[in-house]
Amino acid sequence: MKFIFAEGPSQGARVIGAMILSILLMVMDHRFHQTETLRSTLSVLTYPIQFLAEAPNSIGRWVTETLQTRDDLQQSNRRLNRENLKLKAELQQLAALQAENERLRDLLGSAYKIGNRVLVAELSAMDLDPFRQQIVIDKGSNSGVFEGQAVLDAHAVMGQVAHVSPLNATVLLITDVEHSLPVQVLRNGLRTVAVGTGSINKLEMPYLPNNADIRPDDLLVTSGLGGKFPPGYPVARVTAVKRQPGKPFATVLARPLAQLDRTREALLVWEVNVPPEFPEEEQAEPAAKKAVPETETTAP
């Protein structure tokens, strides 16, 4: 009878115990990464539920595409043919410029980039937290995706991979408040850092002095510094520059060029670099030998 009428811990004690356990788990995950294996296992187990939740949206898109009229398909086909022809013409010019660039780099004896390997992924979910700018893609570590990998869409840089599981990955968008990206102004090469503001259509450059040579409509591209993003990819376009006397830095805002709130596909990028055929140290030594003529010495 004592076991029947025995009382367990009070409701308040249970809540406090659950809070302490939650804090310990968050500290272990954030500081020591002790729960990484558990998170990967749970992501695999919950993947069928995520797939079922996304199924109505996928079925709706499939039905819409299936019920398109013949005229719509013909118009779309003609438009795609025109775009394809235009892209082929641009590709021919790009191939010529790339070949010339490689020849010039070869003359200088420096390393040159042969291209970037990419993987197409599709968005499967997005973070509904209004204070976070994150999305989930349907490619994970089984496809070679890694943390810190650059992610683009058809227009510009989207963000980078923040967490990877075997079947999917979480991408931190460039507009998230915790994201910063080294960029440079394409017009003059001015380097700075683009910081997310939490707004889907706004970036900020908080470390530019008032006399910096930057103006509205300037194009910002990745600088390649930091080793996360390959150089030369478009990021944003400057929308406002406010210089206030008495303050050390100007207020510079930019609008991302990537369609962060509407794109359905993303590109995962692997940067591939080829080392120089002859290292600079090996090239400098023969040059030095040629520069100094050999002289015969005779004993006195």
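Residues numbered from 1 in each chain as written. Predicted model: local features only at pLDDT ≥ 70, side-chain atom pairs only at ≥ 80, totals over all residues. Heavy atoms only, no water.

## Notes on the pairing of strand β4 (residues 157-164)
Phase 1 of the analysis: With seven of its eight residues buried, β4 lies for the most part within the structure.
Phase 2 of the analysis: Where strand β3 (residues 150-152) lies against β4, three bridges are found, and the strand directions are antiparallel. For alanine 150, the partnering residue across the bridge sits in β4 and is glutamine 160.
Phase 3 of the analysis: Looking at chain direction, β4 and strand β5 (residues 169-173) are connected through five bridges and run antiparallel. Residue valine 161 lies in a different strand from β5, and its bridge partner there is valine 171.
Phase 4 of the analysis: Counting the residues that bridge the hairpin from β4 to β5 gives four residues. (Buried < 20%, exposed > 50% of the residue type's maximum accessible area, 1.4 Å probe, protein only. Helix = DSSP H or I, 4+ residues; strand = E, 2+ residues; numbered from the N terminus. Pairing = 2+ DSSP bridges.)

## Some remarks on the confidence of the model for the protein
Phase 1 of the analysis: The pLDDT averaged across the protein works out to 78; a share of 80% of its residues lies at or above 70.
Phase 2 of the analysis: Confidence drops under pLDDT 50 across residues 274-300; counting only partners more than four residues distant or on other chains, this segment forms 11 contacts. (pLDDT = per-residue confidence, 0-100. Contact = heavy atoms within 4.5 Å.)

## Topic: the sheet that holds strand β11 (residues 251-256)
Phase 1 of the analysis: Pairing within the closed barrel is antiparallel, and its six strands lie in the order β6-β7-β8-β11-β10-β9. Pairs of neighbouring strands in the sheet enclose a mean axial angle of 40°, with direction left out of account.
Phase 2 of the analysis: Bridge analysis of strand β9 (residues 219-222) against strand β10 (residues 234-242) gives three bridges, and the strand direction is antiparallel. When the sheet's bridge partners are listed, valine 221 is paired in β10 with proline 234. (Axes fitted to C-alpha atoms, helices over the stretch in contact; angles between N-to-C directions.)

## A look at a nonpolar patch on the surface
Phase 1 of the analysis: A cluster of nonpolar side chains, namely Leu21, Ile23, Leu25, Met26, Val27, Met28 and Phe32, defines an oily patch on the protein surface of about 670 Å² accessible area.
Phase 2 of the analysis: With respect to the helices and strands, the residue valine 27 is situated in helix α2 (residues 11-32). (Patch = residues over 30% accessible without salt bridge, like charges linked within 9 Å, V, L, I, M, F, W, Y side chains within 5 Å. Areas by Shrake-Rupley, 256 points an atom, 1.4 Å probe, with all protein chains shown as cover. Salt bridge = Lys/Arg side-chain N within 4 Å of Asp/Glu carboxyl O.)

## Quick notes on the side chain of threonine 222
Phase 1 of the analysis: Mapped onto the elements of the fold, threonine 222 is located in strand β9.
Phase 2 of the analysis: Reaching out from threonine 222, the side chain makes a polar contact with the backbone oxygen of proline 230 at a distance of 2.6 Å.
Phase 3 of the analysis: Residues in contact with threonine 222, not counting those within four places in the same chain, are Val157, Leu181, Pro182, Val183, Phe229, Pro230, Pro231, Gly232, Tyr233 and Val235. (Polar contact = N/O pair within 3.5 Å; in protein donor to acceptor, adjacent residues only side chain to side chain.)

## Concerning helix α3 (residues 36-66)
Phase 1 of the analysis: In the structure, α3 departs most strongly from a straight axis at threonine 46, where the bend amounts to approximately 45° and where the proline proline 48 lies between one and four residues downstream.
Phase 2 of the analysis: Along α3, the positions that sit buried rather than exposed are Ser40, Ser43, Glu54 and Ala55. (Bend = angle between axes of the 7 residues up to and from the residue.)

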